[in-house]
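Understanding the architecture of this molecule
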Amino acid sequence: MALQQVVEQIVTGLGYDLVEIERSAGGLLRVTIDLPWEQSAADAPQPVIEQFVTVEDCEKVTRQLQFALEVDGVEYKRLEVSSPGIDRPLRHEQDFVRFEGSVIDITLKAPIGAAAAGGQVNATRKKFRGTLERAEAGGWQIVWSDEPPVKPGQRVSKKRVPAPLQAMGFTLDECRDVRLAPIVDFKGRAGKAGAAPA
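Residues numbered from 1 in each chain as written. Predicted model: local features only at pLDDT ≥ 70, side-chain atom pairs only at ≥ 80, totals over all residues. Heavy atoms only, no water.

As annotated in an unreviewed UniProt entry, the protein chain carries the name Ribosome maturation factor RimP and is attributed to Acidovorax delafieldii. In its Sequence similarities (unreviewed entry) section, UniProt records this for the protein chain: "Belongs to the RimP family." Heading Function (unreviewed entry) of the UniProt record for the protein chain holds this comment: "Required for maturation of 30S ribosomal subunits." (UniProt positions renumbered as here; feature names shortened; annotations may be inferred.)

Structure representation (C-alpha cells):
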C-alpha cells in the first residue's frame, strides 16, 4: 500500500482529518492532523466552540502509525505527528468551505499577468493576503486592500480616503500554497480561526 493510503487510513480510522504528509531530509516523516469538521456545525445558530488537536491526540496517532508503518515496511528515521497550527494549509475544497471568511495567505504558481489589467496590481505579483470569499460566478476569490496597517498609537485622519478593496478569483489548480494567515489576536478570539483582529 502507498504511504499516503496507509497514513490516511490510520488517521481517519482514529477519527481525525489528514492535513498533509511531508518527507524531509534525514528521514523525517511529518504527519499533520486536525479534528474533523462538519459543515452543519458552521451553519448552527449559536457560535461553535473551536476545538484543537491536543498532545494526547498526536501521541495516539503516533503509536498507531509506528505500528502500521513497521508492518508495511515503510522506511523513515523519525516520525512527527502534529496539529496544523495557526498557519494551517488549505488543500481541499472542504478546507476552503470550512475557513470561508478567514484571512488567508495565497501564493500563485504563476504571476497574475494579464489579470492585473487595471494597473492597480503589479503583473508579476504572486503573493496575496486577504479574506477568503465565495466568488459570485462560483469558485473562490480573495479580497484585499493594499492599505498599510495602522501602527499602534498612530492617529488616522477622518478625512483620509481608504484604499479600495480588490478581488481576485482563483482555482485550486492555480495555487502553489494557501494557508490561514498567522494572525494572533491577544484581545480575544471572535469568530472563526484565522479571522482578522477586531
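**Examining helix α3 (residues 55-71)**
Residue pairs three or four apart in sequence face the same way in an α-helix, which turns once every 3.6 residues. For α3, built from 17 residues, the straight-helix expectation of 24 Å at 1.5 Å per residue is met to within 8% by its first-to-last C-alpha distance of 25 Å. D57, C58, V61, T62, L65, A68 and L69 are the residues of α3 that are buried. All buried residues of α3 lie within an arc of 145° about the axis, which places them on one face of the element. Opposite the buried face of α3, by more than 90 degrees, sit the exposed residues E56, R63, F67, E70 and V71. Positive phi appears at G73, one or two residues downstream of α3, with a value of about 70°. (Helix = DSSP H or I, 4+ residues; strand = E, 2+ residues; numbered from the N terminus. Expected span 1.5 Å × (residues − 1). Buried < 20%, exposed > 50% of the residue type's maximum accessible area, 1.4 Å probe, protein only. Arc of directions from axis to C-beta.)

**Digging into the packing of aromatic side chains**
What the rule picks out here adds up to 3 aromatic pairs. On the basis of an interplanar angle of 55° and a centroid distance of 6.1 Å, the ring pair of F96 and F170 is categorised as tilted. With F96 in helix α4 (residues 93-98) and F170 in strand β7 (residues 165-170), the pair connects residues that are 74 residues apart, well separated along the chain. Take F96 and F170: they sit in the same class, and that class is buried. Relative to W144, the ring of F128 has its centre 4.9 Å away and its plane inclined at 55°; by these criteria the two rings are tilted. Pair noted here: F128 is in strand β5 (residues 127-134) and W144 is in strand β6 (residues 140-145), with a separation of 16 residues, a long-range link. Each of the two residues, F128 as well as W144, counts as buried. Site record: aromatic cluster; members linked through ring pairs are F96, W140 and F170. (Phe/Tyr/Trp six-rings, centres within 6.5 Å; stacked < 30°, edge-to-face > 60°.)

**Some thoughts on the environment of Q66**
Looking at where Q66 falls in the secondary structure, it is placed in helix α3. Assessed through its relative accessible area of 36%, Q66 is described here as partly exposed. Expressed as a C-alpha distance, the spacing of Q66 and L79, which sit 13 residues apart in the sequence, is 7.7 Å. Aside from chain neighbours lying at most four places away, what touches Q66 is Y76 and L79. (Contact = heavy atoms within 4.5 Å.)

**Topic: the sheet that holds strand β3 (residues 78-82)**
Taken in spatial order, the 3 strands line up as β1-β2-β3 in an open sheet, and their pairing is mixed. Both outer strands of the open sheet, β1 (17-24) and β3, are each paired with one neighbouring strand and no more. For this sheet the average axis-to-axis angle between neighbouring strands, irrespective of direction, equals 15°. The strands that helix α1 (residues 3-13) touches are β1 and β2 (28-34); relative to β1, the one it contacts most, it runs at about 140°. Taken strand by strand, α3 contacts β2 and β3, and its axis lies near 145° from that of β3. (Pairing = 2+ DSSP bridges. Axes fitted to C-alpha atoms, helices over the stretch in contact; angles between N-to-C directions.)

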